[in-house]
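Chain and residue survey
If you want the building blocks of each chain, they are given just below.
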Amino acid sequence: MAADPIHQFQITKLFSLGHIGGQEIAFTNSSAYMFAAVGIIAILMLAPSRQLVPGRFQSIAELSYEFVANMIRSTAGKEGLKFFPLVFSLFMFIAVSNLVGIIPYTFTVSSHLIVTVTLAMLVFLTVLIYGLSKNGLKFFKLFVPSGVPIYILPLVVFIEVISFFLKPVSHSVRLFANMLAGHIALKVFASFIAMLGAIGVVGWFGAVLPLGLTIALTALELLVAFLQAYVFAILTCIYLNDAIHPGH
Amino acid sequence: MAEGHGDAKGATAHTAADGGHKAPFPPFQKETFASQLVSLTIAFVALYLIVSKLALPRVGGVIEERQKTIEGDLAAAQKLKGESDEALKAYEAELAGARARAQAIGAETREKLNAAAEAERKTLEERLAGKLADAEKTIAATRTAAMGNVRGIASEAAAAIVQQLAGVQPDSKVLDSAVNASMKG
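Here is what the cut-offs are and how they apply
Every residue gets a number counted from 1 within its own chain, in the order that chain's sequence is written. Written order decides the labels, with chains lettered from A and ligands numbered from 1. In keeping with the predicted nature of the model, local features appear solely for residues at pLDDT of at least 70, side-chain atom pairs appear and are counted solely at 80 or more, and the whole-chain, interface and lining totals rest on all residues. The basis for the side-chain values is all heavy atoms of the structure; hydrogens and waters are excluded. UniProt positions are given in the numbering used here, feature names are shortened, and annotations may be inferred rather than shown by experiment. Helix numbering and strand numbering both begin at the N terminus, where a helix is a DSSP run of H or I of at least 4 residues and a strand a DSSP run of E of at least 2. Between buried and exposed lies partly exposed: a residue is buried under 20% and exposed over 50% of the maximum accessible area for its type, with that area taken using a 1.4 Å probe on protein chains only. Accessible surface is estimated by sampling points in the Shrake-Rupley manner with a 1.4 Å probe; for residues, cover comes only from the protein chains shown. Residues enter a patch when their relative accessible area is above 30% and they make no salt bridge; the linking distance is 9 Å between like charges and 5 Å between nonpolar side chains (Val, Leu, Ile, Met, Phe, Trp, Tyr). Should a side-chain nitrogen of Lys or Arg be within 4 Å of a carboxyl oxygen of Asp or Glu, the pair is scored as a salt bridge. Two strands qualify as a pair provided that DSSP identifies no fewer than 2 bridges between them. The definitions used throughout rest on a 1 Å grid laid over the protein atoms alone, on which a cavity is an enclosed set of points accommodating a 1.4 Å probe that cannot get out and a pocket is an open set flanked by protein within 12 Å on both sides along at least five of seven lines; lining residues are those having an atom within 4 Å of a point. Grid points are joined across faces, edges and corners, and a volume is the space filled by probe spheres set on the points. Residues are grouped as follows: Ala, Val, Leu, Ile, Met, Phe, Trp, Tyr, Cys and Pro are nonpolar; Asp, Glu, Lys and Arg are charged; every other residue, Gly included, is polar. Buried Ala, Val, Leu, Ile, Met, Phe, Trp, Tyr and Cys residues form a nonpolar core when they are joined through side-chain atoms within 4.5 Å. Any pair of residues with heavy atoms lying within 4.5 Å of one another is described as a contacting pair. To estimate the expected span of a helix, subtract one from its residue number and multiply by 1.5 Å. Polar contacts, as counted here, are pairs of nitrogen or oxygen atoms within 3.5 Å of one another; within protein the pair requires one atom able to donate a hydrogen and one able to accept it, and residues that are adjacent in sequence qualify only if both atoms are side-chain atoms. Aromatic rings from Phe, Tyr and Trp, taking only the six-membered ring of Trp, are treated as a pair when their centres fall within 6.5 Å; an angle between ring planes under 30 degrees marks them as stacked, one over 60 as edge-to-face, and anything in between as tilted. Note on geometry: axes are lines fitted to C-alpha atoms, helical ones only across the stretch in contact, with angles between N-to-C directions running from 0 to 180 degrees. Small angles under 35 degrees read as roughly parallel and large ones over 145 as roughly antiparallel, with 65 to 115 read as roughly perpendicular and the rest as oblique. Handedness of a crossing follows from how the near helix is turned relative to the far one, being left-handed for an anticlockwise turn of less than a right angle and right-handed for a clockwise one.

Chain B appears in an unreviewed UniProt entry as ATP synthase subunit b from Rhodopseudomonas palustris. Annotation of chain B in UniProt includes, under Sequence similarities (unreviewed entry), the sentence "Belongs to the ATPase B chain family."

Chain A has the name ATP synthase subunit a in an unreviewed UniProt entry, where Rhodopseudomonas palustris is given as its organism. Of chain A, the UniProt comment under Function (unreviewed entry) reads exactly: "Key component of the proton channel; it plays a direct role in the translocation of protons across the membrane."

1. Section: the overall build of chain B
Looking only at helices and strands, chain B features three helices and zero strands. Here chain B holds 185 residues, and 17% of them are scored as buried. For chain B, the accessible area works out to roughly 13700 Å², and carbon and sulfur atoms hold 62% of it.

2. Some words on a nonpolar patch on the surface
On the surface, a cluster of nonpolar side chains totalling about 1000 Å² of accessible area is made up of A:I150, A:Y151, A:I152, A:L155, A:F158, A:I159, A:I162, A:L166, A:V169 and A:V173. The class for A:I162 is partly exposed, based on a relative accessible area of 39%.

3. A few points about the pairing of strand β2 (residues 23-28) of chain A
All names here are of chain A. Direction of pairing for strand β1 (residues 13-20) relative to β2: antiparallel, over a ladder of six bridges. Looking at the pairing, K13 lines up with T28 of β2. In textbook terms, the turn of a hairpin is the stretch between consecutive antiparallel strands, and for β1 and β2 this stretch comprises two residues, one of which, G21, has a positive phi near 55°.

4. Quick look at empty space enclosed by the protein
This structure, assessed with the given rule, holds one cavity of 30 Å³ or more. Roughly 60 Å³ of internal volume is contained in the largest cavity. Contributing to the lining of the largest cavity are A:M45, A:P48, A:S49, A:R50, A:Q58, A:A61, A:E62, B:R58, B:V59 and B:V62. By residue class, the composition of the lining of the largest cavity is five nonpolar, two polar and three charged.

5. Some thoughts on the UniProt feature "transmembrane region" (unreviewed entry) in chain B
In the numbering used here, UniProt assigns the feature "transmembrane region" (unreviewed entry) to residues 33-51 of chain B. Regarding residues 33-51 of chain B, the helix share stands at 100% and the strand share at 0%, and the terminal C-alpha atoms are separated by 26 Å.

6. Structural notes on the layout of surface pockets
Residue and element names in this part refer to chain A. Its boundaries defined by the atoms lining it, the second largest pocket holds a volume of some 200 Å³. Together, L44, I60, L63, S64, F67, F91, M92, A95, V96, L99 and F226 line the second largest pocket. Elements that contribute at least two residues to the lining of the second largest pocket include exactly α2 (56-76) and α3 (84-102). Per-element accounting of the lining of the second largest pocket gives the leading share, five residues, to α3.

7. Focus on the nonpolar core
Counting 65 residues, the largest nonpolar core has A:F93 and A:L119 as its most contacted members. Where this core is concerned, the elements lending two or more residues are α1 (29-46), α2, α3, α4 (113-135), α5 (153-199) and α7 (208-244) of chain A together with α2 (33-166) of chain B. Among the elements that take part in this core, α3(A) stands out by supplying 13 residues, more than any other. With residues up to four places along the chain from it excluded, the contact list for A:L119 reads A:L90, A:F93, A:I94, A:F232, B:L40 and B:F44. The next biggest cluster of nonpolar side chains, apart from the first, holds six residues, and it includes A:I6, A:F9, A:L113 and A:L180.

8. Quick notes on α4(A)
For α4(A), with 23 residues, the first-to-last C-alpha span of 32 Å sits near the 33 Å given by 1.5 Å per residue. A:G136 sits one or two residues past α4(A) and shows a positive phi near 65°.

9. A closer look at the interface of chain B and chain A
Contact residues are listed per partner, giving 40 residues for chain B and 53 residues for chain A. Summed over the shared surface of chain B and chain A, the number is one salt bridge. B:R66 serves as the salt-bridge partner of A:E62, at 2.8 Å between the closest nitrogen and oxygen. At the junction of chain B and chain A, the tally comes to eight residue pairs in polar contact (both at pLDDT 80 or more). Elements represented by at least two residues in the side of chain B that touches chain A include exactly α1 (2-17) and α2 of chain B.

10. Side note on the packing of aromatic side chains
All names here are of chain A. Taken as a whole, this structure holds 21 aromatic pairs over all chains when the rule is applied. When the centroid spacing of 5.0 Å and the interplanar angle of 75° are considered together, the rings of Y65 and F84 count as edge-to-face. Within this pair, whereas Y65 is found in helix α2, its partner F84 is found in helix α3, the two being separated by 19 residues in sequence. Exposure class is identical for Y65 and F84. Each is buried.

11. Remarks on the UniProt feature "coiled-coil region" (unreviewed entry) in chain B
Per the UniProt entry, the sites bearing "coiled-coil region" (unreviewed entry) are residues 74-134 of chain B in this numbering. Taken end to end, residues 74-134 of chain B comprises 100% helix and 0% strand; its first and last C-alpha atoms sit 88 Å apart.

12. A word on the packing of α3(A) against α4(A)
All names here are of chain A. Axis separation between α3 and α4 bottoms out at 12 Å; the angle between their running directions is 165°. Between α3 and α4, the crossing angle belongs to the class labelled roughly antiparallel. Here the hand of the crossing between α3 and α4 comes out left-handed. Taken together, the residues of α4 that come into contact with α3 (itself represented by L86, L90, F93 and I94) are L119, L122, V123 and T126. Among the residues making up the contact of α3 with α4, the classes are represented as seven nonpolar, one polar and no charged.

Here it is in structure tokens:
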């Protein structure tokens, strides 16, 4: 069962927390990694000294701050900065948990659909509630692009409405599928090494190929881990921009 | 060895084939959702609070402070540069003023000296002109005197010549007119 590429996604109960409506609430390995990610972010952002000329760790904290701040400014404008903590939390949470998940024998929080769906729904509801409370009925201009001829307007509005409600789906599935597929591929190639290595001397030479592939895939996964966090965050910014400035 | 190979392959095929049936695919195991939701909510709320209340103000404060320091330093440097420019300008103005003053003093002195020299020259010339006039007067007087003498000598000489040649005492009136005529001619 060691080579089972699905096994790494298994949720195991560490201890039980109680029951809500007959459903057991447990502290699982997933929970542990979630809190670990939160802890790492907290250390990363709070531990560095506050110097005028930053050291390495302070630089990381400031780089992530500036990175997310610029991302929001460029996509959602200055008004988007009121969502800075939200976007920053999302970006850092996904990035850190993804990067932790690349370490062998660890668990990847965002490889579970329920997690990504929850985060995507958080963004979706924020957009919906903020958009409605700020713009009122004008928020629905989002579905009516300007400059469209009246005879195809109903079709366009229909498509816009559907795409609006499909946003959280694509938002969450993109992250989930990327992390899941990447980790399965990594595990499959890594298990080839073990299998070939078990054959004997010939297998050792044969194992070089999957080993190289695993290394390359690990590098790719490092990129993907960061990139998916970035994509998730920038899509959040774009959706928030819709809420702040509806009517395209 | 071959057994291990087959075993692993079998396991892979097994989960891929009936993933949802025997050992359900972990991300779709509904009984784990509630636990994950609860821990995700707690973790994310905690993260949000840490980020919004502590981390961002802290890091943002440092960045802002640095920005302020840089701007302050730049402004101070700009101010100092302005001051040094001003000092340079004042120095140059002072230098130009001093030079102009020196030139004015020089010109004034030259003028004064020129005027004095001119005046001196004029008085000298006047004096010389006076002397010259006196000398000319003296010369003229001497000359007329001499001329008078010459006339006297000439008429005497003429009278003597006439007496010698003709033996006649010439008439003084005729002699005078003849002397006059020859002196004119």
